Amino acid sequence: MILNITNEKFEFIYLGESTINIDYSSISSTKLVLDVWGVTLPISVFGLEAYGLTENTKPFNDDIYVSGYSRLTFHDVTGGNIEVELFSKEPPYTKLSWPDNSLMKINKTWGEVYQEDERNIYEVEGTLGWPYGRCDLSIATRSNVYIELNSSNFIPVKEYMLNTKKYGWSRGFT
């Protein structure tokens, strides 16, 4: 199932609890692909039609958690900014600090990100799989954004909340 989530439709997906893997092999000068585990589709907020579903095709009567990878593709990318607050590689995955106790962060900006013109800027928050840490990513694009979802990975959000270890991302999935 592929959804066009360009412009305001980007709000149709919730990525705050997700883990993001950047597909470095598919990056080009104008395309960015993210593999995202744990996308939430808040159908109770936006309605079934926003996701191409009907009463007959909806999988269950709850918001949807995607317990697996979804592919988020940004076309005609003009720039971006990423900031990652690094975590340790071993449980309990604590935030890393410099000797002066400031948080260890990395930041990278490329291209043109914050100019006011015909570009759309998309904000993505989640956990980055590598380097491992909390991620804030801004992507500027002049074109469409798509997400590819595998409906066989759809589970009710309530089921995910009751068993995050079973359905959530694990470091073994990278």
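Residues numbered from 1 in each chain as written. Predicted model: local features only at pLDDT ≥ 70, side-chain atom pairs only at ≥ 80, totals over all residues. Heavy atoms only, no water.

Caption draft 1: Focus on the sheet that holds strand 12 (residues 154–156). What the three strands build is an open sheet, ordered 4-5-12; its pairing is antiparallel. Sheet topology places strand 4 (40–41) and strand 12 at the edges, where each strand pairs with a single neighbour. Note: strand 5 (residues 64–66) against strand 12, three bridges, orientation antiparallel. Bridging across to strand 12, Tyr65 finds its partner in Ile155. (Pairing = 2+ DSSP bridges. Helix = DSSP H or I, 4+ residues; strand = E, 2+ residues; numbered from the N terminus.)

Caption draft 2: Highlighting a nonpolar patch on the surface. A surface patch of nonpolar side chains, about 370 Å² in accessible area, is lined by Tyr24, Ile27 and Trp130. With respect to the helices, strands and loops of the structure, Tyr24 is situated in the loop between strand 2 (19–22) and strand 3 (31–37). (Patch = residues over 30% accessible without salt bridge, like charges linked within 9 Å, V, L, I, M, F, W, Y side chains within 5 Å. Areas by Shrake-Rupley, 256 points an atom, 1.4 Å probe, with all protein chains shown as cover. Salt bridge = Lys/Arg side-chain N within 4 Å of Asp/Glu carboxyl O.)

Caption draft 3: Spotlight on the pattern of salt bridges. One pass over the structure, following the stated rule, counts four salt bridges. Between Lys58 and Glu55 there is a salt bridge, with its nearest N and O atoms 3.2 Å apart.

Caption draft 4: Highlighting the packing of aromatic side chains. Following the criterion strictly, the structure yields 10 aromatic pairs and no others. On the basis of an interplanar angle of 50° and a centroid distance of 6.2 Å, the ring pair of Phe10 and Phe74 is categorised as tilted. Taken as a pair, Phe10 in the loop between strand 1 (2–4) and strand 2 and Phe74 in strand 6 (residues 69–75) lie far apart in primary sequence, 64 residues in all. The pair formed by Phe10 and Phe74 is uniform in burial state, with each residue classed as buried. (Phe/Tyr/Trp six-rings, centres within 6.5 Å; stacked < 30°, edge-to-face > 60°. Buried < 20%, exposed > 50% of the residue type's maximum accessible area, 1.4 Å probe, protein only.)

Caption draft 5: The environment of Pro99, seen in detail. You can see Pro99 is positioned in the loop between strand 7 (77–86) and strand 8 (105–111). The spacing of Pro99 and Thr54 is 45 residues in sequence and 55 Å in space, taken between C-alpha atoms.

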